[in-house]
Amino acid sequence: MAEVMEKERKLDLGGRESIYQPEDKNLIFPYQPKFNSFAEERQHLKERLVAACRAFALEKFDYGFAGHLTVRDPEHPHLYWTNPMAVHFDQVKVSNLILADHEGNILEGKHALNRAGFVLHAAVHEKHPDIVAMCHAHTVYGTAFAALGKPLDPISQDAAAFFEDHMVLSEQAGQVAVEDNSGYNVAGSLKKVKAIIHRNHGLLTVSRHSIESAAFWFIALERCCKQQMIVEATGIKPNMLTPEVARYSREHVGSDYIGWLHFQPIWGYLKENQPDMFA
């Protein structure tokens with residue numbers, strides 16, 4: 001019976017990636033670009049990585065030198081671009097990004113690499129070749145919620161985006177990842193989800209699509225942690241979405257593509273108001 005109801009809920013998108021994509025292709029709407037060369041794609045990825053860092057600055061996700069965002073190079077998938085060590089998210093620009101390999105060697109860039117970021121991100125990128133981007137920052141609500149060691153509840157459409165698509169990871173909870181094997185231990189525990197609540201540490205998001213998707217879902221995950229903690233503080237038990245409704249909502253508001261689409265207004269704002277990020 002449940003399977004029949006699930007089939008009835010499926011929508012015919014007519015070849016579109018999402019219900020949000022208009023049927024009339026003449027309408028103004030963000031479309032994913034196509035590239036004529038690796039150089040063109042690389043420039044695109046670097047600009048979006050910088051925009052993701054600037055978006056984190058807008059959200060006040062900074063905490064000293066903590067926080068690292070990475071995206072895999074399109075031509076050399078064993079290499080990844082990341083933000084420089086000890087540079088504020090608001091001051092990251094295309095010219096100060098660094099390119100590193102899985103051993104932590106800097107191939108491009110003048111800045112040092114964040115050791116904790118290298119250990120964890122490099123291990124994830126190496127063990128999971130399908131993951132193209134990863135984000136982590138020490139945020140207020142995400143770190144607090146991670147101390148509870150439990151998953152998000154489906155209390156809203158926002159939270160439904162993460163229903164059965166995130167995990168609580170207890171491996172090396174709270175231990176700073178500075179030794180090589182610590183990153184591999186965490187990476188080896190990951191399931192095929194887009195978000196991780198690392199107990200006593202904080203939030204991580206990954207994307208098999210784009211840095212924009214990974215960045216937006218991190219912003220969304222922090223927001224959902226805040227929402228749930230506010231609801232729990234009332235002492236009133238919230239109404240939960242049923243698993244069927246949560247899955248249906250996740251299908252239409254929780255994909256990698258939707259994460260990319262959600263980031264486009266942020267990209268438009270930053271492109272117009274922070275042109276120095278292209279320097």
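Each chain carries its own residue numbering, running from 1 in the direction its sequence is written. Given that the model is predicted, a residue must reach a pLDDT of at least 70 before its local features are reported, and side-chain atom pairs must reach 80 or more before they are shown or counted; all residues, however, enter totals for whole chains, interfaces and linings. Based on all heavy atoms of the structure, the side-chain values leave hydrogens and waters out of the count.

## Things to note about the nonpolar core
The following threshold applies: Buried Ala, Val, Leu, Ile, Met, Phe, Trp, Tyr and Cys residues form a nonpolar core when they are joined through side-chain atoms within 4.5 Å. Only protein chains enter the accessibility calculation, which uses a 1.4 Å probe; a residue is then buried when its area is under 20% of its type maximum, exposed when over 50%, and partly exposed in between. In DSSP terms, a helix is any run of H or I states spanning at least four residues, a strand is any run of E spanning at least two, and both are numbered starting from the N terminus. We call two residues in contact whenever any of their non-hydrogen atoms come within 4.5 Å of each other.
Counting residues in each nonpolar core, the largest one holds 55 residues, and the members touching the most others are Phe56, Leu69, Cys135, Leu152, Phe162 and Phe263. When contributions to this core are tallied by element, the ones reaching two or more residues are helix 2 (38-58), strand 1 (68-72), strand 2 (79-82), strand 5 (133-137), helix 4 (140-146), strand 7 (195-198), helix 7 (211-233) and helix 9 (256-273). Here this core takes 11 residues from helix 7, the largest share from any one element. When neighbours within four sequence positions are excluded, Phe56 is seen to be in contact with Phe61, Leu69, Phe89, Cys135, Ala137, Ala215, Phe218 and Ile219.

## Considerations on the state of the cysteines
Heads up, the rule is: Here, the term disulfide refers to a pair of cysteine sulfur atoms separated by no more than 2.5 Å.
For the structure shown, the criterion picks out zero disulfides. In this model Cys53 remains outside any disulfide bridge; the closest cysteine sulfur is found in Cys135, 8.1 Å from its own. Sulfur of Cys225: no disulfide; nearest cysteine sulfur belongs to Cys224 and is 7.2 Å away.

## A look at the sheet that holds strand 8 (residues 202-207)
Put simply, the rule reads: At least two DSSP bridges between two strands are needed for those strands to be called paired. Orientation is described by axes fitted as lines to C-alpha atoms, over the contacting stretch for helices, and by angles from 0 to 180 degrees between their N-to-C directions.
Taken in spatial order, the eight strands of this open sheet run 4-3-2-1-5-8-7-6, and their pairing is mixed. In the strand order of this sheet, the two ends are held by strand 4 (106-108) and strand 6 (166-169), each with one partner. When the angles between neighbouring strand axes are averaged without regard to direction, this sheet yields 25 degrees. Direction of pairing for strand 3 (residues 98-101) relative to strand 4: antiparallel, over a ladder of two bridges.

## Some details on the packing of aromatic side chains
What counts is decided by this rule: Here a pair means two rings of Phe, Tyr or Trp (six-membered ring of Trp) with centres within 6.5 Å. Their orientation is stacked below 30 degrees between planes, edge-to-face above 60, and tilted elsewhere. For a lysine, the NZ atom is tested; for an arginine, the CZ atom; a charge sits over a ring if that atom is within 6 Å of the ring centre and within 35 degrees of the ring normal.
Under the criterion given, the structure shown has nine aromatic pairs. With 5.1 Å between their ring centres and 80 degrees between their planes, Phe56 and Phe61 make a pair best called edge-to-face. Note on Phe61: relative accessible area 4%, which makes it buried. Between Phe56 and Phe218, the ring centres sit 5.0 Å apart and the planes meet at 35 degrees, which makes this aromatic pair tilted. With Phe56 in helix 2 and Phe218 in helix 7, this residue pair connects regions lying 162 residues apart in the sequence. Comparing Phe56 with Phe218 shows no difference in burial state: the two are buried. Among the aromatic residues, ring-to-ring pairing joins Phe56, Phe61, Phe89 and Phe218 into one connected group. When the ring centre of Trp267 is taken as origin, the NZ or CZ atom of Arg48, which lies over that ring, is 3.7 Å away. For Lys194, the ring lying beneath its charged end belongs to Phe162, and the centroid distance is 5.1 Å.

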